[in-house]
Amino acid sequence: MNDALFTANNTWMLVATAMVFIMHLGFASLEAGFVQSKNTVNILFKNSMIIAIGLVTYYIAGFNLMYPGMNEGGFFGFAGFGLSVPEGAAAAIEYADGGYTYWTDFIFQGMFAATAATIVSGAVAERMKLNSFLLFATIFVGISYPITGMWKWGAGWLDAAGFYDFAGSTLVHAVGGWAALIAIVLLGPRNGKYTANGIKPIPGHSMPFAALGVFLLWFGWFGFNGGSVLSADPMLVSLVFVTTSLSAATGAIGAFITSNILFKTHDLSMVLNGILGGLVGITAGADLMSPGEAMIIGFIAGVIIPFSVVFFDKLKLDDPVGATSVHLMCGLWGTLAVGIFGEKAGIGQLWTQLYGTLAIGVFTSIFAFVVLFAIKKTMGLRVSAEAEERGLDVSEHDMRAYGEQQELERIASY
Amino acid sequence: MNDALFTANNTWMLVATAMVFIMHLGFASLEAGFVQSKNTVNILFKNSMIIAIGLVTYYIAGFNLMYPGMNEGGFFGFAGFGLSVPEGAAAAIEYADGGYTYWTDFIFQGMFAATAATIVSGAVAERMKLNSFLLFATIFVGISYPITGMWKWGAGWLDAAGFYDFAGSTLVHAVGGWAALIAIVLLGPRNGKYTANGIKPIPGHSMPFAALGVFLLWFGWFGFNGGSVLSADPMLVSLVFVTTSLSAATGAIGAFITSNILFKTHDLSMVLNGILGGLVGITAGADLMSPGEAMIIGFIAGVIIPFSVVFFDKLKLDDPVGATSVHLMCGLWGTLAVGIFGEKAGIGQLWTQLYGTLAIGVFTSIFAFVVLFAIKKTMGLRVSAEAEERGLDVSEHDMRAYGEQQELERIASY
Amino acid sequence: MNDALFTANNTWMLVATAMVFIMHLGFASLEAGFVQSKNTVNILFKNSMIIAIGLVTYYIAGFNLMYPGMNEGGFFGFAGFGLSVPEGAAAAIEYADGGYTYWTDFIFQGMFAATAATIVSGAVAERMKLNSFLLFATIFVGISYPITGMWKWGAGWLDAAGFYDFAGSTLVHAVGGWAALIAIVLLGPRNGKYTANGIKPIPGHSMPFAALGVFLLWFGWFGFNGGSVLSADPMLVSLVFVTTSLSAATGAIGAFITSNILFKTHDLSMVLNGILGGLVGITAGADLMSPGEAMIIGFIAGVIIPFSVVFFDKLKLDDPVGATSVHLMCGLWGTLAVGIFGEKAGIGQLWTQLYGTLAIGVFTSIFAFVVLFAIKKTMGLRVSAEAEERGLDVSEHDMRAYGEQQELERIASY
């Protein structure tokens, strides 16, 4: 490994890190756009704190829980608190087969870690207590995410079993989606959502912010998937750019057609979530698929979105931003797709993909349930009905997203 | 060519690809900001679908229409449907003189392709039928753009004739601008825009989103122009960053001064379009100009903008976002500027630039006219007057950009 | 130095340049979000023109004032107007020890230059005359910023004295902060802010735009600090990514805790400014600190923010966006922190840091005072009370940020 190639590899990984960081802005914009204006400060506050908490907990323990480096085939390992960089540039070059330095490894993986909690943030929007959410996010990112992450990426038992998840359809997205689902069940729906007369739509307050979020997430995904090559390998990174983009594109088209048929209209929120579904769906096998296979995977993910949104609504599981449809359903689909399409396709692989993703789902769900249930019984999960009615911005933050709103409303109410 | 240099080159091309992707968000934000709030979902929907359709059509046929690789000096060529990557890393390195892989080539060019249709999207805003637009965009991006693109970048007859267009003042921007102009003529102006009492201004609904879009477009242009070097060549890419930025800067200053004189005020939309004009203007010769020449080209582009906006308005050609002024007028100017300034300046080159850009303009205009006229006579181009009055968000999408809008308006109307 | 390593280095510096460019969008978004909607066009206009003016003045004189290349240990130097690139690729490689080309050097430093004026833009918002501001910004960016910048980065007397400022806690942020403070003093507070009955909060009109701005600034800071390594050196750039991110994270946490205690609520604007405080605080020593030290520096910066905001308000120094707290206070803190933590810690270094930052502060403050005082006595600094009441968008730009605002207000006033 020469210096120049090491430098090129490491530079790409850092650029990818910055792109994954932008995903946090993407989630913040998307979730802000999909909630009512009276809960917008709350969403922005949560997403600002999640990235801060996520990086710090990953520094304290998460990184060494996820990559203990001493536990091949195991269920659990821990290499100690804090970081300890190997001495010297030579060690750094040997460290990751010339891919990147120890610092790069930490910051790239740290940016990933917080995304799982961000997924939960949107699903519980408009009704969960802020402190309860932040406590849950801290525990979830600091402990649960790294443990299941280690099972595959930390050379744990699922890695030994042949389970494949290139960039995290299961390890990041389904993990976040399972926690979101458990939280939704424990929280209950927003007041007035499911009435005797049917389901009341509660439209998001800003589609421009929702669309901004989705485009930024697509941009960030170039780093999320492209960086998961763990080097700047030209053929692999460029293939991943192609499969990721084509899957996002057919995700949009799949959701466009399906929602046209189901709802007889051109539903922007379905197309936006279709793009995200295509991105989540390709993530497990972005390096294994041909462009044609990527387009099929994305299209199916896009078809899944409207059906899944209706499905969860029928079950009265209230998810304001569609996080469970995008991250859980399409995360499961993408994980299974590795056994159906591409270089690793085969019934044995499909079976491994199935029990791998279920094992992680079971662990994550139990973990999330225990923590959330404990919080429910102590601090409480949900704001009062009155606070929910007034909006969390006023009840939790004593401010409005749009400063002049109060005044305008006063004028309007005359 | 060694591995490390190939890796550095390819990495830059992929980063540039991600930057060009962001231009789609830039266009979406800019156009959303410049239309009325009742047509915002429609613009966002169009821009979300264009990138999806653009990538898929470019995969199916566009890439092989534009780079047939077998037709030097010709007018038309086609290398077959789909993609076929050369086998092996060695082939990849030989493929583009060490610049990038086959996958990188496809995805970088694919990101470019859809921008031409996005330009049309803004010009026809607030009155064109969604399905008619999407059909036109599909045909235009899939067939027309690659054919004229091949004339120069695919080693076609204009390339043989010495026509120069570094990154697409003509091949992307004027092409999009011609199609926009034809569409505007066939569509007619928005109802109520040109009245017996003069021109009624219809202000955009969000200047913050318009400004956001312009800054994101400038950012994306670093990849659009910088990536058009087709390698990470240090001197050329850095020169292109300098000329591109200085031209954008003097475009703002030119539009600032000119609009001050013409309109006696500090017009933000003129300055924003001046920046874009400077960017479009430098695009044909960004690699040929000194910084001083780049500043002159950008300044003149900035001066063109306010005059052009007034000119089109006088002709009652209604362009809600100024796309024809920015992309067509400054695209023509930038193409001609290659014959006036920089390394290739000369009367012979100026002549070649003129007939090259006109040849492409004639082809594009006829193509756009035929397709749009056929659509007009079958599906129709324009929504009903009642739908236009209510806004396309409600009539085409059954939703509002700002979910609580309807409710607020109800309160306000008491 | 081989070609491949030079290419990788230069590519990173150009990517960092594009990231620093995005900081201008970050500032524009943040400041737009924190002002009232009636002054939003004005803020966007100023920030669009500042980047244009900044690049052009830096081309004309700033670059050669800041890096005269002939004045080691001096107070002032100037290498002539315009740019003059060394001939040939070999010269370029020798130029910056293989880090980047001459063009890269110019454009990276040019992107930095305008940020100092942008900091002032927010502090004087909602009451300063547009032309007076643009004149001040031109002189400040073109002359004052490069002179003090030369003292350290241009190998001037402070560099010789051992003063350390890695990426500009003093040279960029405190410099902008001092100018902002002087401007605030000369301008006076917004009408109605400080009343006999106490301080009237004037909330910003869009927290989503404010949050968008902060996330984009964090993203840009990867280029601001990461690019200040002046090469793609793997260990240093990746360390800088880690220290920068962790300091931003603990800045958020510090401001979260402190504002909770002080104000008994979860104040989003404090957390957002806490992130920025952490970023400004780590900037002087981002390459010298361990992750743990970076977290302490960021946390303290976050604690400083709410106290500083209260402090300036008590002094009736009206700063609508908190620019003096973020850039001046945390810039001073970050500069001093180099003498307290990290590789250079020591009482001698602390003393050098103190007199270095004060020397620059004194020069900048006097320069800003002289220029602003002269403008005040000639053109005037402040708009009329009536114009301030109506908003600068109407009085200076004859337009509204939200085009339909006027109409909606008319409806609402019935």
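### So, the overall build of chain A
For step 1, the next point in the chain: Tallying secondary structure elements over chain A gives 16 helices and 2 strands in all.
For step 2, the next point in the chain: By the compact-globule yardstick of 22 Å for 414 residues, chain A fits well, its C-alpha radius of gyration being 21 Å.
For step 3, the next point in the chain: Each of the three principal axes of chain A carries a C-alpha extent, and together these read 75 × 45 × 35 Å.
For step 4, the next point in the chain: Of all 414 residues assigned to chain A, the portion counted as buried reaches 68%.

### Quick notes on the interface of chain A and chain C
For step 1, the next point in the chain: The partner chain C presents 48 residues to the 51 residues of chain A that form the contact.
For step 2, the next point in the chain: Top contributing element to the side of chain A that touches chain C by residue count: helix 1 (residues 3-34) of chain A, with 18 residues.
For step 3, the next point in the chain: For the side of chain A that touches chain C, the per-class residue count stands at 34 nonpolar, 12 polar and 5 charged.

### Regarding the packing of helix 2 (residues 40-66) of chain A against helix 4 (residues 102-123) of chain A
How two helices pack is summed up by the angle between their axes together with the distance between the axes.
Residue and element names in this part refer to chain A.
For step 1, the next point in the chain: Relative orientation of the contacting elements helix 2 and helix 4 amounts to 130 degrees, with a least axis distance of 8 Å. Considered as vectors, helix 2 and helix 4 are oriented oblique to each other. Relative to helix 4, the crossing made by helix 2 is right-handed. Residues Ile-43, Lys-46, Asn-47, Ile-50, Ile-51, Gly-54, Leu-55, Tyr-58, Gly-62, Phe-63 and Met-66 of helix 2 pack against Phe-106, Gln-109, Gly-110, Ala-113, Ala-114, Ala-117, Thr-118 and Ser-121 of helix 4.
For step 2, the next point in the chain: Looking at the contact of helix 2 with helix 4 residue by residue, the classes come out as 11 nonpolar, 7 polar and 1 charged.

### Observations concerning the relation of the copies chain C and chain B
The two chain copies are related to each other by a rotation about an axis together with a translation along it.
For step 1, the next point in the chain: Once chain C has been moved 0.0 Å along the axis and rotated by 120 degrees, it coincides with chain B to within an RMSD of 0.0 Å. In symmetry terms, the pair is related by a three-fold rotation axis.

### Quick look at the interface of chain C and chain B
For step 1, the next point in the chain: Taken together, the contact pairs 51 residues of chain C with 48 residues of chain B.
For step 2, the next point in the chain: Of all the secondary structure elements, the ones that give two or more residues to the side of chain C that touches chain B are helix 1 (3-34), helix 2 (40-66), helix 3 (89-95), helix 4 (102-123), helix 15 (392-397) and helix 16 (405-412) of chain C.
For step 3, the next point in the chain: In terms of residue count, helix 1 of chain C provides more of the side of chain C that touches chain B than any other element does, 18 residues in total.
For step 4, the next point in the chain: Residue composition of the side of chain C that touches chain B, grouped by class: 34 nonpolar, 12 polar and 5 charged.

### Comments concerning helix 10 (residues 268-283) of chain A
For step 1, the next point in the chain: For helix 10 of chain A, spanning 16 residues, the distance from its first C-alpha to its last is 23 Å, which sits close to the expected 22 Å at 1.5 Å a residue.
For step 2, the next point in the chain: Of all the 16 residues making up helix 10 of chain A, 16 are buried; the element is thus mostly covered by neighbouring parts of the structure.

### As for the environment of Phe-81 of chain A
Residues and elements named next belong to chain A.
For step 1, the next point in the chain: Its location among the elements puts Phe-81 in the loop between helix 2 and helix 3 (89-95).
For step 2, the next point in the chain: Between the C-alpha atom of Phe-81 and that of Ile-60, which follows or precedes it by 21 residues, the distance is 5.4 Å.
For step 3, the next point in the chain: Sequence-distant contacts of Phe-81, defined by excluding residues within four places in its chain, comprise Ile-60 and Ala-61.

### Some words on helix 5 (residues 130-152) of chain B
Residue and element names in this part refer to chain B.
For step 1, the next point in the chain: Taking 1.5 Å of rise per residue, 23 residues should cover 33 Å, and helix 5 covers 32 Å from first to last C-alpha, within 8% of that figure.
For step 2, the next point in the chain: The largest bend in helix 5 is about 40 degrees, located at Phe-140.
For step 3, the next point in the chain: Of all 23 residues that make up helix 5, 17 are buried, and the element is covered over most of its length.

### A short note on the nonpolar core
For step 1, the next point in the chain: One finds Phe-140 and Ala-183 of chain A, Phe-140 and Ala-183 of chain B together with Phe-140 and Ala-183 of chain C to be the most contacted residues of the largest nonpolar core, which totals 480 residues.
For step 2, the next point in the chain: Excluding residues within four positions of it along the chain, Phe-140 of chain A makes contact with Ala-116, Ala-117, Tyr-145, Ala-179, Ala-368 and Val-371 of chain A.

### Some remarks on unusual backbone geometry
For step 1, the next point in the chain: At Ala-155 of chain A, a residue that is not glycine, the phi angle is positive and equals roughly 65 degrees.
For step 2, the next point in the chain: Take Ala-155 of chain A: there are 19 C-beta atoms within 10 Å of it, and that puts it in the partly exposed class.
For step 3, the next point in the chain: Phi angles above zero are rare outside glycine, and Lys-264 of chain B is one such case at about 55 degrees.
For step 4, the next point in the chain: Turning to its location among the elements, Lys-264 of chain B is positioned in the loop between helix 9 (234-263) and helix 10 (268-283).
For step 5, the next point in the chain: On the neighbour-count criterion, Lys-264 of chain B (9 C-beta atoms within 10 Å) is exposed.

### Let's talk about the environment of Phe-209 of chain A
For step 1, the next point in the chain: Take Phe-209 of chain A: it is sitting in helix 8 (residues 207-226).
For step 2, the next point in the chain: A count of 24 C-beta atoms within 10 Å places Phe-209 of chain A in the buried class.
For step 3, the next point in the chain: Measuring from C-alpha to C-alpha, the distance between Phe-209 of chain A and Glu-31 of chain A comes to 8.4 Å, with 178 residues separating the pair along the chain.
For step 4, the next point in the chain: When neighbours within four sequence positions are excluded, Phe-209 of chain A is seen to be in contact with Ser-29, Ala-32 and Gly-33 of chain A together with Pro-208 of chain C.

### A short note on the confidence of the model for chain A
Residue and element names in this part refer to chain A.
For step 1, the next point in the chain: For chain A, mean pLDDT is 93; residues scoring 70 or higher make up 95% of the total.
For step 2, the next point in the chain: pLDDT under 50 marks residues 410-414. Its contacts with residues more than four places away, or in other chains, come to 7 contacts.
For step 3, the next point in the chain: The ipTM for the predicted assembly is 0.96, set against a pTM of 0.97.

### Focus: the packing of helix 5 of chain B against helix 13 (residues 347-378) of chain B
All names here are of chain B.
For step 1, the next point in the chain: Look at helix 5 against helix 13: their axes get within 10 Å of each other, and the N-to-C directions meet at 160 degrees. Judged on the interaxial angle alone, helix 13 and helix 5 are roughly antiparallel. Every pair of crossing elements has a handedness; the one defined by helix 5 and helix 13 is right-handed. Listed contacts from helix 13 to Ser-132, Leu-135, Phe-136, Ile-139, Phe-140, Ser-144, Thr-148 and Trp-151 of helix 5 are Ile-360, Phe-363, Thr-364, Phe-367, Ala-368, Val-371, Leu-372 and Ile-375.

### A few points about the environment of Ala-114 of chain A
Residue and element names in this part refer to chain A.
For step 1, the next point in the chain: Mapped onto the elements of the fold, Ala-114 is located in helix 4.
For step 2, the next point in the chain: Remark: the alpha-carbon pair of Ala-114 and Glu-343, spanning 229 residues in sequence, is separated by 30 Å.
For step 3, the next point in the chain: When residues no more than four places from it in sequence are discounted, the contact partners of Ala-114 are His-24, Ile-50, Ile-51, Gly-54, Leu-55 and Val-141.

Calculation criteria
All residue numbers refer to position in the chain's written sequence, counted from 1. Note on labels: chains are lettered from A, ligands numbered from 1, in written order. Per-residue local features of the predicted model are confined to residues with pLDDT of at least 70, and side-chain atom pairs are confined, for both listing and counting, to 80 or more; whole-chain, interface and lining totals are unaffected and use all residues. Labels follow the DSSP assignment, with helices taken as runs of H or I lasting at least four residues and strands as runs of E lasting at least two, numbered in each case from the N terminus. We compute the radius of gyration from the C-alpha atoms alone; for a globule the expected value is 2.2 Å times N to the 0.38, where N is the number of residues. Residue burial here comes from a neighbour count, namely the number of other C-beta atoms, placed from the backbone, that lie within 10 Å of the residue's own C-beta, with 20 or more meaning buried, 12 or fewer meaning exposed, and in between meaning partly exposed. Each residue is represented by a C-beta atom placed from its backbone, and any two residues with such atoms within 7 Å are regarded as in contact. Side-chain classes follow a simple rule in which Ala, Val, Leu, Ile, Met, Phe, Trp, Tyr, Cys and Pro form the nonpolar group, Asp, Glu, Lys and Arg form the charged group, and the remainder, Gly included, forms the polar group. Angular values range over 0 to 180 degrees, each being the angle between N-to-C directions of two axes fitted as lines to C-alpha atoms, with helices fitted over their stretch in contact. Every angle not falling under 35 degrees, over 145, or within 65 to 115 is termed oblique; those three ranges are roughly parallel, roughly antiparallel and roughly perpendicular. For any pair of crossing helices, the crossing counts as left-handed if the nearer helix is rotated counterclockwise from the farther one by less than a right angle, and right-handed if it is rotated clockwise. The copies were overlaid with a least-squares fit restricted to C-alpha atoms from residues scoring a pLDDT of at least 70 in each copy. Multiplying one less than the number of residues by 1.5 Å gives the expected span of a helix. We define the bend at any residue as the angle between the axes fitted to the seven residues before and including it, ending there, and the seven starting there. Here a nonpolar core is just a set of buried residues of the types Ala, Val, Leu, Ile, Met, Phe, Trp, Tyr and Cys, joined wherever their C-beta atoms sit within 7 Å. Per-residue confidence from the predictor is reported as pLDDT, which spans 0 to 100.

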